[in-house]
Amino acid sequence: MLDIMVRARKLAEWVGPGGRPVTAKGVPRPADIPAAAAVVGVEVPARVRSAADMEGLHRPWTAAVAAGYISIDGNRATLVDGPGRDPADAWWDALLAVLAVESDDPRDEGAFIACAEVLAALVDGANLASLDDLVDERLCNRSPREFQAVYRAFRRGVLPVAGALSLLAEFGAVDDHGRLTELGRETAVRFAVPPPVSPDLPAAELLARLRGTPDADAWRITWRWLDGRDLAATVAELLAVAEAGGAADRLEAFGVIAAIGDPARPFLRRASSHPMLAVHARTTLSDEGPSEADRCWLAVECALAEDDPEERYHLVEECGGTAMIEASDHPARAHLLDLLQASGRPEIPVYELLVALSRTVWRRLRVPGPTTLEVLHAAIQVAFDWDDAHVHLFEAGGRQYSDVYFNLEESEDESAVRLSKLLPGRGARMTYVYDLGDRWEHTITVDRITVPTDPGPITCTAGAGDAPVEDWNEDDGPDTTPFDLDTINQRLAQLTSS
């Protein structure tokens, strides 16, 4: 079979500068399937509903669009003229796009994980006879979500290793005998699957692995590392890394120590006299939380650990601005002020969100982009007059976010995610679910994004429909609360000023 990029190019030439009509899914119309299939040399089944159902056609078509050979505008595809992109970049984008369409999980990651583990096993010396067992062994170190995603990838009835080998062969990463090509070795490096975490992993490598890892995965990795370790030696190693490292290392190290809990307390005494560890140690040992002075110190520490200048700015603003920094006795406070001055104040987008509980019950909220999901949750509670008496969660892009104290499996911390990072543009959507029993499901859609001089507080600009009363029974009186814009905005003003 021809290389997938050759077939992608042939499809682009078939589309031509005059273009071809496509369906709402952006694939050739059923009437054009025989002609398109003939171009790439695949047979058309006796019954086919869509070009997306034909693997031999859909993969090179997806590759052609991702590589920039074909442009789709509305219901028409056209050949992209000109010198084209760098072939290596086009190949990589095509591979990632095909992996996404071959996945059938909310995050579109199953096929990627399968191929990454197959490549890693081949790099480690696996052959076709041992590949299934080695990949299964590696998958056991993945989270339950990732494991399930792998077994949902590829066509029905195709097992992960067979599906991954077939796809990688089309892209030239393995040969017909399942052996790595040079391109496959380069791809394995780019996929960069880290080795499984075990108790003998050095603390510095663990902390680097944890940085940026979603909470649910971080807890799983941490407990796997701690399993069977000597407690005193573990705390001592973490403190040594914290002492030698920067703010990010200190925060991660004490996060692991806090996860150990009370058994770690006796080993923290030495940290209490170290100028850069003392506040962390006091906070970890305290049953009442940090003092105001220590809170300022830790706020500076968190801001220093942040690489993104925009996120650093918002962290500082949420903690009291430059006045908080100046009130702190953190030795690097002057450096933080210099960083803030160098990056300046970022543009702050304002989102106009349509939050709909049903077709007839909805609220329109004006929300600054830096708002966290934790605060957005509180605003939605006000807008619909909920009592905040039940578990809630947000769902977006195949990920789930909630209050960490709910301890929901596979949920990430809603207080660490900002609206502007989650919903990239107009028309983007996510879901907010309140009360997992009754499951009050709100669809959140971005109607408009502006960048005003003053972003202002969260406000409700419009709405319709009376909100249902939660946990209502017939002795409670009316089963709805009338929509009252003024009352909602009064309560939102109290929310944002608190």
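Definitions and limits used
- Residues numbered from 1 in each chain as written.
- Predicted model: local features only at pLDDT ≥ 70, side-chain atom pairs only at ≥ 80, totals over all residues.
- Heavy atoms only, no water.
- Salt bridge = Lys/Arg side-chain N within 4 Å of Asp/Glu carboxyl O.
- Helix = DSSP H or I, 4+ residues; strand = E, 2+ residues; numbered from the N terminus.
- Buried < 20%, exposed > 50% of the residue type's maximum accessible area, 1.4 Å probe, protein only.
- Axes fitted to C-alpha atoms, helices over the stretch in contact; angles between N-to-C directions.
- Parallel < 35°, antiparallel > 145°, perpendicular 65-115°, else oblique.
- Left-handed = near helix turned anticlockwise from the far one by under 90°.
- Contact = heavy atoms within 4.5 Å.
- Nonpolar A, V, L, I, M, F, W, Y, C, P; charged D, E, K, R; others polar.
- Pairing = 2+ DSSP bridges.
- Core = buried A, V, L, I, M, F, W, Y, C linked by side-chain atoms within 4.5 Å.

**Description of the pattern of salt bridges**
Inspection of every chain in the model, using the stated rule, returns 33 salt bridges. Where Glu55 meets Arg59, a salt bridge forms, and the shortest distance between an N and an O atom there is 3.6 Å. A residue pair is termed a helical-turn pair when its members lie 3 or 4 positions apart in one helix, as Glu55 and Arg59 do in helix 3 (residues 55-67) at four residues. Classification of Glu55 by relative accessible area gives partly exposed; the value is 26%. Residue classification places Arg59 among the buried residues on the basis of a relative accessible area of 2%.

**Side note on the packing of helix 16 (residues 309-318) against helix 18 (residues 333-343)**
Relative to each other, helix 16 and helix 18 sit at 120°, their axes nearing to 10 Å. Regarding the angle of helix 16 to helix 18, the classification is oblique. For the element pair helix 16 and helix 18, the recorded crossing hand is left-handed. Along its contact with helix 16, which presents Pro309, Arg312, Tyr313 and Val316, the element helix 18 presents Leu336, Leu339, Leu340 and Ser343. Of the residues in the contact of helix 16 with helix 18, the class split is six nonpolar, one polar and one charged.

**Overview of the sheet that holds strand 8 (residues 411-413)**
Taken in spatial order, the eight strands line up as 8-7-6-9-10-4-5-11 in an open sheet, and their pairing is mixed. Among the strands making up the open sheet, the edge pair consists of strand 8 and strand 11 (459-464). Along the sheet, successive strands turn relative to each other by an average axial angle of 30°, direction set aside. Pairing of strand 9 (residues 429-434) with strand 10 (residues 440-450) involves six bridges; the strand directions are antiparallel. Paired with Tyr434 across the bridge in strand 10 is Trp440. Sitting on the sheet, helix 19 (residues 373-383) is in contact with strand 4 (350-356), strand 5 (362-368), strand 6 (392-396), strand 7 (399-402), strand 9 and strand 10, with an inclination near 65° to strand 9.

**So, the nonpolar core**
One finds Met5, Trp61, Val118, Leu131 and Phe171 to be the most contacted residues of the largest nonpolar core, which totals 59 residues. Looking at this core, the elements with two or more residues in it are helix 1 (4-15), helix 2 (33-40), helix 3, helix 4 (87-101), helix 5 (110-123), helix 6 (128-139), helix 8 (160-170) and helix 9 (182-191). By residue number, the principal contributor to this core is helix 5, which donates nine residues. Each residue touching Met5, except ones within four places of it in the same chain, is listed here: Ala63, Ala67, Tyr69, Ala90, Trp91, Ala94 and Phe171.

Just geometry here; none of it tells us what the structure is for.
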